[in-house]
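# Close look at the chain arrangement
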Amino acid sequence: MNIFNKWAEREITRRGAKESELALAKDYFNNCMRKKENIMRFTVNGILKKHDKWVKKLNSGVKTTVFAGEESLIIQHGEYALVKLETENAYKREGQRMHHCVASYWNGHKTTEIWSLRLKGEPIATIEAREYIDESVELYHLRQVQAKSNKEPSKDVKLALIHLLDETGQLKYAQAGFFYAVQNNFVDVVKDWLEISK
């Protein structure tokens, strides 16, 4: 059992920690592991306070106005749009609006892109997409899809994302495990979408 799971099990047993609290705590835990900081001595409430302070610091200095070149539209359909975040300020703004640590991914990996799923211009999910080439075709492996405060997106949000990916031609890879690294029940939503779209 890894350290985070051991800590989470303790917090669920002793303090009745909720899954949504643990999702935020895991972000902070991963940050602590990089710094070699021990979180075992903290309760979930203590970690959440530290997480909130960390996210606030990560997203400090954000400019709320969207400037040219900060985001690029991948695809739009009706009221939904999929947008690629291009600048540090765009990452911070997304993190501030969604209350999570996406700003920590700025300049993280050259093959990783961060996308924002928007409904009427408001972010409803943040996506970490890892680029790779398959037979000279650029594809993306979705590593994370997070709603506000790192909660799992609703089925409607997942279906909207799948619909947009289908329009870009990315969804054809779904049957071969395209969504494997995303939450397990995402695969069921892909199956539902494949049924609906027949």
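Residues numbered from 1 in each chain as written. Predicted model: local features only at pLDDT ≥ 70, side-chain atom pairs only at ≥ 80, totals over all residues. Heavy atoms only, no water.

We now examine the environment of Ala-23. Tracing the backbone shows Ala-23 in helix α2 (residues 19–35). Using a relative accessible area of 24% as the deciding quantity, one classes Ala-23 as partly exposed. With 126 residues separating them in the primary sequence, Ala-23 and Ser-149 have C-alpha atoms 8.0 Å apart. (Helix = DSSP H or I, 4+ residues; strand = E, 2+ residues; numbered from the N terminus. Buried < 20%, exposed > 50% of the residue type's maximum accessible area, 1.4 Å probe, protein only.)

This part takes up the pairing of strand β2 (residues 80–85). One ladder, built from six bridges, connects strand β1 (residues 71–77) with β2; its direction is antiparallel. When the bridges of β2 are listed, Leu-73 appears paired with Val-83. Following β1, the chain reverses through two residues before pairing antiparallel with β2; Gly-78 in that reversal takes a positive phi of roughly 60°. Direction of pairing for β2 relative to strand β3 (residues 112–119): antiparallel, over a ladder of five bridges. Its bridge partner being in β3, Lys-84 is matched across the sheet by Trp-115. (Pairing = 2+ DSSP bridges.)

This part covers the confidence of the model for the chain. Averaged over every residue, the pLDDT of the chain is 77; residues scoring 70 or more account for 76%. Taking the mean pLDDT of every element in the chain, the minimum, 55, falls on helix α6 (residues 186–196) and the maximum, 93, on β2. Ignoring residues within four places in sequence, the model shows residues 173–185, a span with pLDDT below 50, making 31 contacts including any to other chains. (pLDDT = per-residue confidence, 0-100. Contact = heavy atoms within 4.5 Å.)

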